[in-house]
Each structure stands twice: as C-alpha cells, then as structure tokens.
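Chain by chain, the residues run as shown.
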Amino acid sequence: MADKYVSPPLTDADVEGLVAGDQVYITGVIYAARDSAHKKLVELLNRGEELPVDLRGQIIYYVGPSPAKPGRPIGSAGPTTSGRMDPYTPGLIAETGLKGMIGKGSRSAAVKEAIIKHKAVYLAAVGGAGALIARSIKKAEVVAYPELGPEALQRLEVENLPAIVVNDCHGADLYEGGMRKYALP
Amino acid sequence: MRTITSDAVIEAVASLCQEANFYLGDDVKEVLQKSLEEEVSPPGRDVIKQILANVEIAAGEQVPMCQDTGVAVVFLDLGQDVHVEGGYLYDAVNEGVRRGYTEGYLRKSMLGHPLGGKNTGDNTPAVIHTRIVPGDKLTITVAPKGGGSENMSAVGMLTPAAGAEGVKKFVLETVKKAGPNPCPPIVVGVGIGGNFEKAALLAKEALLRPLRQPSPQPDIAEMEQELLTEINKLGIGPQGFGGRITALAVHIEIFPCHIASLPVAVNINCHAARHRSVTL
C-alpha cells in the first residue's frame, strides 16, 4: 500500500501498478456519470453508435454533484453507490477500453472479472466527504445529456483527487481483505 | 386556538433544509472525534479525519456536506390548538422545500414517477409525517435522507418465537449485508413492534434522537449497547476499508404489537445524521 499519482488516459502498465489499498491521487480529466448516463451510453453501444466521449483509458467518477454556488466550478461532489452501475460496467470496460471507475461500495462478480480480464481498476472515494472532494475539482462542464440535471455526463478537470484502490486487476479486494483483517470473534 | 401563518411555515422549512445540509450536529461531531481515537485501522482513521475536515468545510462555506442532499423528510408535530392560516399546511411545507433546495444550491433528487420519471426540479414533494400533539405549537423537523443508506434499510416480519435474539440477528445481518455501501460509519435506527409500517416509522424516528442518547427503557438501552458492540466486531470499518468503527450508534424505538407479530425495521443512515428542528 502506497501513495500513487496517476493521470488519464491510463495504460495497462499504469493499471497493473495499482494495488488494493493504495492511496491514489488523480490529476487531469475524468468523466462524471451515474445511473441514467450509463443507461444511455450502453444503449448507444448496443446500437453500434458512437459515444459522446471516447472512454479509452479514461476514468468514470460515479457522482451526481450538487449545484455549483456562483463563482465555484462545482457543488459537493462525493461518490454515489457503485453497485447500481454494475449491469453496465462490464460492457463499458470491454467495448470502450474504460480503465477506471471511482465510486463507493461493493461491485458484482461480473465487474470484478472484467476488471481482471481487461486490466482496469475500481477505486473508492470517501462517501459523505463531498465538500472536501469538491476542492480537487477545478472545472466541470456538461458534455452530454444536460436534461438529466445532476445525472448529466460531465467532463471534470481534477487535481490530486483522492481515491483508494478497492479492486485491482490482480484480483485483490480491499473490502473483503479489510473486513477479514479487522473482524473480531 | 393559536394562529400560525403558512408563510411562517414556508420560511422555517426553507431555512431548516439548508441548515440540516450545511451543519452537522455537535452530538455527531463529538462521537466522530471519539471514534477517531478508538479506530485502530489506518485507512479507517484517515476516513474519519476526512469526514471531520469535510464537516468543517461544509459549515464554513455553507455548502452541503454531501452532494446527496436527500429526500426532504419532514416531521410536523402539530399542536391540536393550532390553526394554520394562509394556505394548506402541506403546500407550505413543499414550498419551503422548493425554496430551501433552490436558494441553498442543494441537489434536486426527486423523480416525479418512481419508474423512470423526470426530475421534479425542486426536490418536491417532501415525505411528510404529521403527529397531532397537545398544545398550541408547531414543531417542524427536517431530516434530509440520502439514497445510498436508505437503500440498505430493511423491514423484517419476524414472529414472537424469534424474540430478542431474532431481532439482534436481523439487525446484524442487515448491517453486514450493507457492508461498505451506506458510507460507514453509520447510525442504525431500529423500530421494533407496532406493525409493518409502524416499525419502519419508528426506525426513522430513532435516527432523530441525539446521537448515543440511550433509550429510556433499560432493557432496550442494553440491547442498543450490545448491538453497537456486535456491529463494530464485524470489521467493516469506515467506508468498508476495514476497521473497528462501523457504526457510531444504534438507537431503538419500540411500540406494543400484535400477539402474532414481531416486526423489525432497520433504517440505516450514514454519519451525516442530518436533522434540524424549530418550534413555531
């Protein structure tokens, strides 16, 4: 477990260097998308149409920010529960080359398999620390689906956004390992 | 008979929505501080530190502590000698929510239809629970409830043979199944007795109690303590990264129940046990 600094687009080698429990700081561009945006992206994929953004090597942050106060790039912006994106994630990883997901909470077996098979990584940001996390987000712009309001697909420019590796491409799972380590009889 | 204007209700609700989302109660902050000392897991400690820093930023900048500013759950304790003038009471509550969520830059999370409907755009309607009480005052409590932790809540229709052991098992299983999803450290509200819907409401009301204030009933206070200890042995820890602080408190409310029933409801809340009250 160590501190790691990454900037998307991520390569296979970048992802292989991330291990469950690592504290990661992300700088560069990431994409904000949650339930409805995922549904729309996967519908496009299923119809063989082009996505509004090229996700190769990119990171999606599962977040529906609160509205920005005047003069601010974004409102509070902590992670939402990742499990709701599980039905869409394996397809996105396999077909677009998506490399990273940031959220909170457990992933399905199918997502974990896709992470191993296609060399991707699942990270958790601290749920409930939305005001703190927002300080790492320097710019936010809607790139698709503005009608979805807080669920729109957004392009975020981030500086040292903190997240911790939960599922790495080597098959380790911080949630399972952490619970085993600290459980008492 | 005392008159309260609907405008006063609108203003009160609008302020409470914002205050509840910006300022975490001192009771919760104190328990978080104490938990930081008790947590042995390094990533767990780091999470609690981030949560405490987040609480200060939110209050200082008047931004919501969490982007999920919740369903506006509103409890109205309406004195039976109060007359509301100027409009329908529930319209006033919803107007207050509309103003509070708009003026406070809070997220609007309500869909007009539960099956894929459009966002209502102003976080209405509120979920309103009214209790008629003696007197000529109106106490309004706004308790914004986030979706992530609400989704991990459960109702179990146990039967009397299950007893206290069955209740404890159900609570523990619900928390274990929730794992990292509801943003631990969590606050666990439990309702025992009544019937199907009463148990769920009791569990929600349990979340409004000052954090770690024990139940006035000794046997229930003991069960709260025992459950807190057992939950914190699960090892889930802050954010599920592993640790000893999975829950900050367990609060239980009870109600008499049918000879054939033992309903139990578990309402899970994240650390942001947000609620603010005012009496008009």
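Parameters at a glance
- Residues numbered from 1 in each chain as written.
- Chains lettered and ligands numbered in written order.
- Predicted model: local features only at pLDDT ≥ 70, side-chain atom pairs only at ≥ 80, totals over all residues.
- Heavy atoms only, no water.
- Helix = DSSP H or I, 4+ residues; strand = E, 2+ residues; numbered from the N terminus.
- Buried < 20%, exposed > 50% of the residue type's maximum accessible area, 1.4 Å probe, protein only.
- Contact = heavy atoms within 4.5 Å.
- Areas by Shrake-Rupley, 256 points an atom, 1.4 Å probe, with all protein chains shown as cover.
- Lys, Arg positive; Asp, Glu negative; His and termini not counted.
- Charge placed at Lys NZ, Arg CZ, Asp CG, Glu CD.
- Pairing = 2+ DSSP bridges.
- Axes fitted to C-alpha atoms, helices over the stretch in contact; angles between N-to-C directions.
- Buried area = accessible area lost by both parts, 1.4 Å probe.
- Salt bridge = Lys/Arg side-chain N within 4 Å of Asp/Glu carboxyl O.
- Polar contact = N/O pair within 3.5 Å; in protein donor to acceptor, adjacent residues only side chain to side chain.
- Nonpolar A, V, L, I, M, F, W, Y, C, P; charged D, E, K, R; others polar.
- Domains from an automatic or database assignment.
- Phe/Tyr/Trp six-rings, centres within 6.5 Å; stacked < 30°, edge-to-face > 60°.
- Lys NZ or Arg CZ within 6 Å of the ring centre and 35° of its normal.
- Patch = residues over 30% accessible without salt bridge, like charges linked within 9 Å, V, L, I, M, F, W, Y side chains within 5 Å.
- Arc of directions from axis to C-beta.
- pLDDT = per-residue confidence, 0-100.

### Some remarks on the overall build of chain A
Tallying secondary structure elements over chain A gives six helices and seven strands in all. The order of α-helices and β-strands along chain A, N terminus first, is β-α-β-α-β-α-β-α-β-α-β-β-α. With respect to the three principal axes, the spread of C-alpha positions in chain A is 50 × 40 × 30 Å. By the burial criterion, 56% of the 185 residues in chain A qualify as buried. In chain A, once contacts between residues fewer than 6 apart in sequence are set aside, the share between residues at least 24 apart is 64%. When the accessible surface of chain A is totalled, it reaches about 7,300 Å², and 52% of it is carbon and sulfur. Positive and negative side-chain charges of chain A, numbering 21 and 21 respectively, have mean locations separated by a distance of 6 Å.

### Quick look at the sheet that holds strand β6 (residues 154–158) of chain B
By way of backbone hydrogen bonds, the strands of a sheet pair with one another, either parallel or antiparallel. Residues and elements named next belong to chain B. Taken together, four strands build an open sheet; the order of strands is β6-β9-β7-β8 and the sheet is mixed. With one partner strand each, in any of the chains shown, β6 and β8 (247–257) form the two edges of the open sheet. Taking each pair of neighbouring strands and ignoring which way they run, the sheet shows an average axis angle of 15°. Packing of helix α6 (residues 163–178) onto the sheet brings it into contact with β6, β7 (186–194) and β9 (262–269), and relative to β9 it is tilted by some 30°.

### With respect to the environment of Pro256(B)
Residues and elements named next belong to chain B. Relative to the elements of secondary structure, Pro-256 occurs in strand β8. For the pair Pro-256 and Ile-192, spaced 64 residues apart in sequence, the C-alpha to C-alpha distance is 8.6 Å. In this structure Pro-256 touches Gly-193 and Gly-194, once residues within four positions along its chain are discounted.

### Some thoughts on the interface of chain A and chain B
In this assembly, 40 residues from chain A lie in contact with 41 residues from chain B. Carbon and sulfur atoms supply 59% of the area buried between chain A and chain B, which totals about 3,400 Å² over both sides. Looking at the side of chain A facing chain B, the largest losses of area belong to Val126(A), Met179(A) and Tyr182(A), adding up to 19% of the total buried there. Taking the shortest distance from any N to any O, the salt bridge between Glu61(B) and Arg72(A) comes out at 3.1 Å. The interface formed by chain A and chain B includes 18 residue pairs in polar contact (both at pLDDT 80 or more). Going through the elements one at a time, α5 (130–134), β7 (153–167) and α6 (174–182) of chain A are the ones with two or more residues in the side of chain A that touches chain B. Per-element accounting of the side of chain A that touches chain B gives the leading share, five residues, to α6(A). Taken together, the residues that form the side of chain A that touches chain B break down as 22 nonpolar, twelve polar and six charged.

### Comments concerning the domain arrangement of chain B
Residues and elements named next belong to chain B. If you check the domain split of chain B, you get domain 1 (2–20 + 65–145) and domain 2 (148–276). Each of domain 1 and domain 2 has a C-alpha centre, and the two are 26 Å apart. Tallying the contact residues gives 17 residues for domain 1 and 15 residues for domain 2. Between domain 1 and domain 2, roughly 1,300 Å² of surface is buried when both sides are summed, and carbon and sulfur atoms account for 59% of that area. By the criterion of area lost to domain 2, the three top residues of domain 1 are Met-65, Phe-75 and Lys-145, representing 41% of everything that side buries. Remark: the boundary between domain 1 and domain 2 carries two salt bridges. Lys-145 serves as the salt-bridge partner of Glu-150, at 2.9 Å between the closest nitrogen and oxygen. Along the contact surface separating domain 1 from domain 2 lie six residue pairs in polar contact (both at pLDDT 80 or more). At the level of elements, α1 (6–22), β4 (127–133) and β5 (138–145) are the ones that each hand at least two residues to the side of domain 1 that touches domain 2.

### What to know about the packing of aromatic side chains
Any two aromatic rings considered together are summarised by their centre-to-centre distance and by the angle between their planes. For the structure on display, the rule yields four aromatic pairs over all chains. Between Tyr5(A) and Tyr25(A), the ring centres sit 5.2 Å apart and the planes meet at 20°, which makes this aromatic pair stacked. Residue Tyr5(A) is found in strand β1 (residues 3–6), and its partner Tyr25(A) is found in strand β2 (residues 23–32); the two are separated by 20 residues along the sequence. Assessed through its relative accessible area of 22%, Tyr25(A) is described here as partly exposed. Pairing Phe22(B) with Tyr23(B) gives two aromatic rings, centres 6.1 Å apart and planes at 85°, and the pair type is edge-to-face. Lying across the ring of Tyr122(A), Arg107(A) places its NZ or CZ 4.9 Å from the centre.

### Describing a nonpolar patch on the surface
On the surface, a cluster of nonpolar side chains totalling about 290 Å² of accessible area is made up of Val155(B), Met157(B) and Phe196(B). Mapped onto the secondary structure, Val155(B) falls in strand β6.

### Section: unusual backbone geometry
With omega at 5°, the peptide bond leading from Pro8(A) into Pro9(A) counts as cis. In this fold, Pro9(A) is placed in the loop between β1 and α1 (12–16). The omega angle of the peptide bond from Thr124(B) to Pro125(B) is 0°, so this bond is cis rather than trans. Checked against the element boundaries, Pro125(B) lands in the loop between α4 (89–103) and β4.

### Here's the deal with α6(A)
All names here are of chain A. When α6 is considered as a whole, its buried residues turn out to be Leu-174, Tyr-175, Gly-178 and Tyr-182. Seen from one end, α6 has its buried residues packed into an arc of 95°, which puts them on one side. For α6, the capping residue at the N-terminal end is Asp-173, with a side-chain oxygen 2.8 Å from the backbone nitrogen of Tyr-175.

### Some details on the confidence of the model for chain B
Of all residues in chain B, 100% attain a pLDDT of 70 or more, and the chain-wide mean is 97. Across the whole predicted complex the pTM is 0.95, and at the interface the ipTM reaches 0.93.

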